[in-house]
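Structure assessment
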Amino acid sequence: MQSDHGKRAAGTGPAVSQLISRLSELRNRFSPTDRAEKLRLLTQLHGRTISRPALLLAFHETLCFLQAYPDDARVLDATDRALARVADRVRVLEDRHPAALQELDDTGMIGTRISYPHTWPVVRELVRLFPDHVRIDREDYDDTDKLDELVRMLVCRLEYDALDDTEADPWEFLDQVSRAEDVTDLSWLVRRLEEAPWPEDTKARLYDTLGLWMDFRLDRRSVSRTLAWRRPKNVAFQRKPLPGRSPDTARAITRPAPLPRRLSDQRGAELIRRARLTSCLRRREVYGHTHGNPAEVYVTQPGNGIEIAYIGALPEYRFPLESTYATAIIKNGAPIGYGYHTLLFDRAETGINIYDTFRGAEAAYIFERMLAGLYALFGVTRFIVHRYQIGDDNEEAVQSGSYWFYYKMGFRPLDPKAAALTRRELDRIQRQPDYRSSAPTLRRLARTEMFLGVKGHRPDTGGDLRPGLLALRVSAHIQRAFAGDRNAARKAAAASVARKLNLTRPHSWPAPQKRWYQRLCVLLNLIPDLGDWPDRDKTSLARILQAKGASQELLYVRRMQKHLRFRQAIELLAAGKLNQSS
């Protein structure tokens, strides 16, 4: 067996490890000389054995990068051929070193497995798409009482009695019934739960409380990161250095650009499905992907092979006052990252995550274009990065230096202490160019939010508007006025708000709109002068309530921004400066 490291015998060329290392060094260099060397290295590696898992993973990640950032058609074709051979390489590795293959589990590579505790919507979809490839990961699972209880709820009475008489544990029963139906244990459980005559949210709660981990086998008949690429009609070949951030991010955000266009429901559903699978293959879930709304997917193509999709949430999974949107980021047909955005009036709490495979390329440029889409589509002029995104209780963000990424993009800390520490760190960097902020320092810097405003907006122009404070006001009101009886509070608020806004039949609105009306009324009823508003403002507020449950939440976002009186009332409520009605 050939060695992966060190020099090979005289005259036989460099070791595989050296070839892979050199290819990785060249991945984001795009001169004609670099292009020729990439092609030479890919050709040399084609017939060579890779017998170490770590080397195979490094090779795989570089190939995925080259697929998203190809120099030309020849490099792209060579990259495709190399990725097509990864499944064979994994099988060879498994045959020679069965135990070593476990080192590649949870990487998303073809021929391996992923284990993760996905929620009901994701597991249900995976069972529908790949029923033979998903099982329950039973290792270390110790909450069999909950599983036993759910299984008993899903079977008929005679089966229930059999469980008692034979004293079979739920695993034995699942093995028996799944073998009889020729399905996996997880497929059996999910299908029975889907058939149960319960509301969808009840099914989700029952499944999620089990805390099951799913074992997902990745091969050519299922899905993998190795084969996730979809060749676009027009590939943007990279023949010059990648674009960086603009000198003035705020100005770049507001430059005229094409408005993101809404996809058809069918294409929206396809994009959401792909985003979910991408998250799954990275062992994570993104709320906006999991609960994405096929009727609300907006796409912008800022050039250079980049596609940014903004995905709204299904009506039943929307946030009460805010609006949540996730983004899926695609480069030349390859999923390379995602973003999240929580909108309220003209502000957005935002962030970006480029997958580690594709870092060190054009994250700053993509983030800038993502913010430009939020400005163009939703009218956002104030951007906030939450402290978690920059490292508060997030070690990955600390290690990647996320604070300085956002600082270089123009974001500034809201806390004066963090601002002072930032200045000291910048002074030290100026004196010592090779200096890097330590992890403890980055954790201290992450104890605050960061802010970027466009069109002259500053941090002090928006008031202290925190939805959490509003929630506390609502809870205190329910306890004070209704002794904690939330049903009574909702019923009274619905009647009161209808009277104050001159609404005659809100109970006849379509179900999603009626549901959101009832949810928001408790908050609206805390506005003491609501009944005294001009008719124009009352009518506009009623239209906002209807838009919250509409098929696209974009209408809600835009109507909220235009209602200055409502915004002022909400800001005063959050700050505790209104004498609330009872």
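These remarks concern the structure in this document.

Assigned secondary structure in the protein chain consists of 26 helices and 12 strands. Relative to a compact globule of 582 residues, whose C-alpha radius of gyration would be 25 Å, the protein chain shows 27 Å and is just as compact. By its C-alpha atoms, the protein chain is 90 × 75 × 45 Å across when sized along the principal axes. Evaluated residue by residue, the protein chain yields a buried proportion of 53% over its 582 residues. For the protein chain, long-range pairs separated by at least 24 residues make up 70% of all intrachain contacts whose partners lie at least 6 apart in sequence. When the accessible surface of the protein chain is totalled, it reaches about 27,300 Å², and 48% of it is carbon and sulfur. The centroid of the 92 positive side-chain charges in the protein chain is displaced by 10 Å from the centroid of its 74 negative side-chain charges.

Counting residues in each nonpolar core, the largest one holds 84 residues, and the members touching the most others are Tyr69, Phe358, Ile366, Phe378, Phe383 and Phe411. For this core, the element with the highest residue contribution is helix α15 (residues 363-378), accounting for nine residues. Residues in contact with Ile366, not counting those within four places in the same chain, are Tyr69, Ile306, Ile308, Ile329, Ile336, Ile352 and Ile354. With 38 residues, the next largest nonpolar core counts Leu321, Ala493, Trp509 and Ile570 among its residues.

This part is about the packing of aromatic side chains. Tallying each qualifying case throughout the model produces 22 aromatic pairs. Here the aromatic rings of Phe65 and Phe358 are separated by 6.5 Å at their centres, their planes lie at 25°, and the arrangement is stacked. Pair noted here: Phe65 is in helix α3 (residues 53-68) and Phe358 is in the loop between β9 (347-354) and α15, with a separation of 293 residues, a long-range link. On the basis of relative accessibility, which here comes to 5%, the residue Phe358 falls in the buried class. Over the ring of Tyr407 we find Arg412; its NZ or CZ atom is 3.7 Å from the centre of that ring. We note Lys548 situated over the ring of Trp516; from NZ or CZ to the ring centre the distance is 5.2 Å.

Attention shifts here to the sheet that holds strand β1 (residues 113-116). Backbone hydrogen bonds hold the strands of a sheet together, and the pairing may be parallel or antiparallel. Spatial ordering of the open sheet is given by β1-β3-β2, a layout of three strands whose pairing is antiparallel. Single-partner strands in this sheet number two, and they are β1 and β2 (134-137). Within this sheet the neighbouring strands show an average axis-to-axis angle of 25°, counted without direction. In the sheet, β2 pairs with strand β3 (residues 213-217) via four bridges, with the strands oriented antiparallel. Within β3, the position partnered with Arg135 by the bridge is Asp215.

So, about the layout of surface pockets. In this structure, the largest pocket spans a volume of roughly 1,000 Å³. In terms of lining residues, the largest pocket is bounded by 43 residues, among which Ile352, Asn353, Gln389, Ser402 and Tyr406 are the most central. A breakdown of the residues in the lining of the largest pocket according to their chemical character gives 20 nonpolar, 15 polar and eight charged. By volume, the second largest pocket amounts to about 610 Å³. Take the lining of the second largest pocket: its biggest share by element is four residues, from helix α13 (residues 265-281).

Rules of the game
Residues numbered from 1 in each chain as written. Predicted model: local features only at pLDDT ≥ 70, side-chain atom pairs only at ≥ 80, totals over all residues. Heavy atoms only, no water. Helix = DSSP H or I, 4+ residues; strand = E, 2+ residues; numbered from the N terminus. Rg over C-alpha atoms; globule rule 2.2 N^0.38 Å. Buried < 20%, exposed > 50% of the residue type's maximum accessible area, 1.4 Å probe, protein only. Contact = heavy atoms within 4.5 Å. Areas by Shrake-Rupley, 256 points an atom, 1.4 Å probe, with all protein chains shown as cover. Lys, Arg positive; Asp, Glu negative; His and termini not counted. Charge placed at Lys NZ, Arg CZ, Asp CG, Glu CD. Core = buried A, V, L, I, M, F, W, Y, C linked by side-chain atoms within 4.5 Å. Phe/Tyr/Trp six-rings, centres within 6.5 Å; stacked < 30°, edge-to-face > 60°. Lys NZ or Arg CZ within 6 Å of the ring centre and 35° of its normal. Pairing = 2+ DSSP bridges. Axes fitted to C-alpha atoms, helices over the stretch in contact; angles between N-to-C directions. 1 Å grid on protein atoms, 1.4 Å probe; cavity = no way out; pocket = protein on both sides within 12 Å on 5 of 7 lines; lining within 4 Å. Points joined across faces, edges and corners; volume = space filled by probe spheres on them. Nonpolar A, V, L, I, M, F, W, Y, C, P; charged D, E, K, R; others polar.

Spatial relationships are all this shows, so hold off on functional conclusions.
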